[in-house]
Every structure is written in C-alpha cells, then in structure tokens.
Amino acid sequence: MASTTSSILPLSKPDFPLLSSQRNKKIIASSTTFGRTRLQEYPILRGFSKLHRISTNGFVVLSRLNDQVEEIGLSSQETAGSSDPKMEVQSRMWNWRGYSIRYQYSGNGGPALVLIHGFGANSDHWRKNIPVLGKSHRVYSIDLIGYGYSDKPNPQQVGDNYYTFETWATQLNEFCTDVVKDEAFFICNSIGGVVGLQAAVMIPQICKGIILLNISLRMLHITKQPWFGKPLIRSFQSLLRNTALGKYFYKTVATPESVRSILSQCYHDTSQVTEELVQKILNPGLEPGAAEVFLEFICYSGGPLPEELLPQVKCPVLIAWGDKDPWEPIELGKNYGNFDSVEDFVVLPNVGHCPQDEAPHLVNPLVESFVARHATPIC
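Residues numbered from 1 in each chain as written. Predicted model: local features only at pLDDT ≥ 70, side-chain atom pairs only at ≥ 80, totals over all residues. Heavy atoms only, no water.

(A) Structural view of the overall build of the protein. Secondary structure summary: the protein contains 14 helices and 15 strands in total. Per-residue burial over the protein gives 57% buried out of 379 residues. For the protein, the accessible area works out to roughly 16,000 Å², and carbon and sulfur atoms hold 52% of it. (Helix = DSSP H or I, 4+ residues; strand = E, 2+ residues; numbered from the N terminus. Buried < 20%, exposed > 50% of the residue type's maximum accessible area, 1.4 Å probe, protein only. Areas by Shrake-Rupley, 256 points an atom, 1.4 Å probe, with all protein chains shown as cover.)

Below you can see the structure in the form of structure tokens.
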C-alpha cells in the first residue's frame with residue numbers, strides 16, 4: 001500500500017485525461033457492457049498527433065499495442081454491480097517453504113488473477129475487488145510473507161536480505177505454480193507493483209499481464225539520494241533497527257488513531273476511510289513479529305526500481321494512477337508510460353494512493369477490460 005517515500009504505515013463517473021505519445025493514433029470510441037457482449041463503434045478519427053483530453057462517462061485508455069484509443073462507457077448499475085449477488089470469498093492457508101501464508105480466493109472459472117497488496121497492507125485491502133472480479137475470473141489475493149496473517153519470521157533469524165522484492169517475487173511465482181496451477185494476471189498496488197514486475201522478470205512464462213495501481217516510485221532508494229544524504233539515511237536506518245527507538249516508534253503508529261490519520265492522507269475521498277478499513281489494516285500489524293518486519297522494510301533502500309524492471313518485462317503492462325496521490329506524484333509516474341512494455345497509462349481523477357479500495361467502481365472494469373484483451377481464448 002503506502003510506499004516509504006513519506007509515511008510509514010498505510011496506511012459519479014469522472015472524465016479521464018489521456019496520455020498520448022507523439023505518434024499518430026486511431027481513436028475508437030466504444031460503449032462496452034461488461035458481463036454481456038455489446039460493442040458499438042463510432043467513426044474512426046484519423047490524423048491526431050497529440051491528444052490532450054477526451055471526455056466520457058467512463059474512462060479512456062490508450063492502447064499502444066494496436067495504436068488505438070478505446071473509450072469504455074459504463075452505466076452506474078454496471079459499475080456498481082448491485083444487481084448481481086456477490087461471489088463467496090474463501091480464506092485459506094498455504095504452506096510455503098515451511099511458513100504459513102494466508103490467501104483469499106473467489107471464482108470458479110475464467111482467467112486467473114493474483115492481487116498483490118502494498119506496504120503495511122494485506123489481502124483484505126482487495127475486499128471490494130475479489131467478489132466482483134470473481135464473477136468471471138479465478139481471483140486470488142495473497143498476504144506477502146511478513147504481512148497480513150502470513151507468518152512473520154524474525155529478520156534477525158532469517159537474515160538481513162530476506163525481506164526483499166526477490167523473496168516476495170519468488171513467493172508469488174511459487175504460489176502460481178502450487179496453488180493457482182496456471183498462468184495469471186498480476187494486479188498490484190504500490191510496492192506490490194515492484195513485486196509483480198520482479199516476479200514477471202524472474203519467470204516470464206507465468207505472468208500474462210500486469211496492472212500497476214500507483215506503483216511505488218521508491219524515492220528513498222539509495223541511488224536516488226544525494227551523496228551527502230546517504231550516510232544520514234544509513235545512520236537513521238541503523239538506529240531504527242538496532243535500538244529501542246524503532247519499537248517505540250512502531251507503537252506510536254500502530255494505533256487506530258494513527259492508522260486512520262495516515263489512511264486519510266492517502267485517500268482523497270476520506271469517507272472511504274471507515275472503521276472497517278482501519279481494523280483491516282491495523283489488526284495484522286498487532287500480531288507478533290509485525291514490528292520487526294515493518295522496521296526491516298522501511299530500512300530497505302536497495303533492490304530493484306520500477307524503471308529497471310519495466311524494460312525487462314515481456315508481458316503487457318497497464319498503469320493506472322490516482323492523480324491525488326500525495327506519496328507517489330503522478331507527474332513522476334507518467335514517465336513510466338514511455339516504456340515499450342506499457343500499453344496503457346490511465347489517470348484516475350480525484351483518487352488517491354489506493355485506487356482499488358477507494359474507487360473500485362473504476363478499477364474493477366479496468367481490470368476486466370485489460371484481462372479480456374489479453375486472455376487466451378478458449379476454443
């Protein structure tokens with residue numbers, strides 16, 4: 001969820017601006033009803049070399065793979081999904097290399113989706129997405145080791161280099177092999193996006209596509225710091241890891257009041273910061289071992305950067321970004337749209353750092369559209 005750029009704990013249908021390259025594009029305006037088959041195409045407009053904004057009652061995405069712009073319109077009933085009963089969501093445990101890993105599951109058929117949470121969060125942060133996407137997909141939401149209700153091995157016992165993106169990427173790929181038993185689409189938020197990219201780079205044949213929701217820019221990465229700031233950062237990290245200050249600091253933020261305050265920073269629509277959400281984020285953080293994992297990660301200033309991983313990814317990538325994110329500025333995130341692997345960059349207006357929970361009525365259709373575009377047809 002939240003990145004380590006500034007804070008340390010997580011934690012109507014607007015118009016979408018369109019980010020376009022300088023190449024000429026074809027524009028196809030279509031009205032799509034998810035769950036049924038209905039597609040209306042309007043005349044193709046040619047000769048546009050630069051597009052600034054297209055208004056719609058849904059959202060607009062730029063498809064770089066086929067040089068098309070697709071306009072997707074959704075009625076209020078279709079986005080809310082209020083007419084359909086929710087799919088049952090099951091919580092299960094998976095034994096991974098001797099550790100107990102919690103995951104949630106919904107759906108009986110269709111392409112497989114694996115939902116990957118961000119820093120300080122867990123699979124409950126996808127509670128508004130799992131039952132909706134489970135109507136037409138097999139949906140899995142996993143607690144990364146160290147988070148949620150998965151085991152939290154002590155960093156001092158497993159080693160300083162355990163809680164890394166390579167470890168979580170390995171966990172993700174082996175989860176797909178052992179539990180999903182299929183290729184999967186990775187749907188990721190914040191640092192979960194770095195996990196998904198790393199997993200796709202390590203074993204490309206597992207991942208069919210990735211959606212990155214406000215991926216962490218990793219602004220505290222050691223390579224992004226000025227030379228004079230690096231010794232100070234290392235000293236501060238050592239202080240948190242090796243003294244009682246770290247534990248005291250964690251106690252001050254692992255409270256309902258602090259979690260509510262931090263969530264209210266990263267959610268633009270603060271009405272979505274409910275007591276249920278606060279408890280979903282806070283309760284796993286009160287379990288034994290959570291403090292040590294928390295302190296270990298905020299001291300993790302190495303590892304891969306998104307800009308290093310994106311050129312290596314072989315599968316299609318869609319990036320969606322809440323434009324009111326105070327932690328991961330969209331103006332910096334837009335640069336990721338220039339990578340060849342990124343076919344779409346979608347701006348989510350008036351949405352903060354966690355679009356999947358703050359604006360599921362926007363994110364769920366976006367996921368369905370992307371997966372439908374890249375899922376292998378069943379003959």
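So, next bit.
(B) How the structure looks around the packing of helix 8 (residues 256-266) against helix 9 (residues 275-285). For the pair helix 8 and helix 9, interaxial distance at closest approach is 10 Å and the crossing angle is 110 degrees. Our classification of the angle between helix 8 and helix 9 gives roughly perpendicular. For the pair helix 8 and helix 9, contact is made by P256, V259, R260 and L263 and by E275, L277, V278, I281 and L282, respectively. Its residues placed into classes, the contact of helix 8 with helix 9 shows seven nonpolar, no polar and two charged. (Axes fitted to C-alpha atoms, helices over the stretch in contact; angles between N-to-C directions. Parallel < 35°, antiparallel > 145°, perpendicular 65-115°, else oblique. Contact = heavy atoms within 4.5 Å. Nonpolar A, V, L, I, M, F, W, Y, C, P; charged D, E, K, R; others polar.)

(C) Layout of the packing of aromatic side chains. Under the counting rule described, the total for this entry stands at 18 aromatic pairs. Between W321 and Y336, the ring centres sit 6.5 Å apart and the planes meet at 50 degrees, which makes this aromatic pair tilted. One end of the pair, W321, is in strand 14 (residues 317-322); the other, Y336, is in the loop between helix 12 (330-333) and strand 15 (342-348), and 15 residues separate them in sequence. Comparing W321 with Y336 shows no difference in burial state: the two are buried. Through a chain of ring-to-ring contacts, the aromatic side chains of Y99, F119, Y147, Y162, Y163, F165, W168, Y250 and F294 assemble into a single cluster. (Phe/Tyr/Trp six-rings, centres within 6.5 Å; stacked < 30°, edge-to-face > 60°.)

(D) Molecular detail of the pairing of strand 9 (residues 99-106). Most of strand 9 sits inside the fold, with six of its eight residues counted as buried. A loop of two residues connects strand 8 (residues 90-96) with strand 9, the two strands running antiparallel in sequence, and R97 in this loop sits at a positive phi of about 55 degrees. Looking at chain direction, strand 9 and strand 11 (residues 138-142) are connected through four bridges and run antiparallel. In the sheet register, Y103 faces strand 11, and the bridge partner there is I142. (Pairing = 2+ DSSP bridges.)

(E) Highlighting unusual backbone geometry. The phi dihedral of N214 is positive, around 50 degrees, even though this residue is not glycine. In this structure, N214 sits in the loop between strand 13 (207-213) and helix 6 (230-242). Positioned with a positive phi, N350 is a non-glycine residue whose angle comes to about 60 degrees. Along the polypeptide, N350 turns up in the loop between strand 15 and helix 13 (355-358). For N350, a relative accessible area of 44% translates into the label partly exposed.

(F) Representation of the nonpolar core. Formed by 74 residues in total, the largest nonpolar core has its most connected members in V114, F186 and I210. With eight residues, the top contributor of residues to this core is helix 4 (residues 165-180). By size, the runner-up hydrophobic cluster in this structure holds 22 residues, among which are L115, V351, F370 and V371. (Core = buried A, V, L, I, M, F, W, Y, C linked by side-chain atoms within 4.5 Å.)

(G) Expanded view of the sheet that holds strand 8. Reading across from one edge, 8-9-11-10-12-13-14-15 is the order of the eight strands in this open sheet, with mixed pairing throughout. Looking at the sheet topology across the chains shown, the edges are occupied by strand 8 and strand 15. The average angle at which neighbouring strand axes cross in this sheet is 20 degrees, direction not considered. Where strand 13 meets strand 14, four bridges bridge the pair, whose relative direction is parallel. Paired with I211 across the two strands is L318, which belongs to strand 14. Across the face of the sheet, helix 4 comes into contact with strand 8, strand 9, strand 10 (112-116), strand 11 and strand 12 (184-189) while running at roughly 110 degrees to strand 8. In this fold helix 14 (residues 360-374) packs onto strand 10, strand 12, strand 13, strand 14 and strand 15, with an angle of close to 155 degrees to the strand it touches most, strand 13.

(H) Here's a closer look at helix 10 (residues 290-298). Judged by how many residues are buried, helix 10 sits mostly within the fold: eight of nine residues are covered. Among all positions in helix 10, only A290, A291, V293, F294, L295, E296, F297 and I298 are buried.

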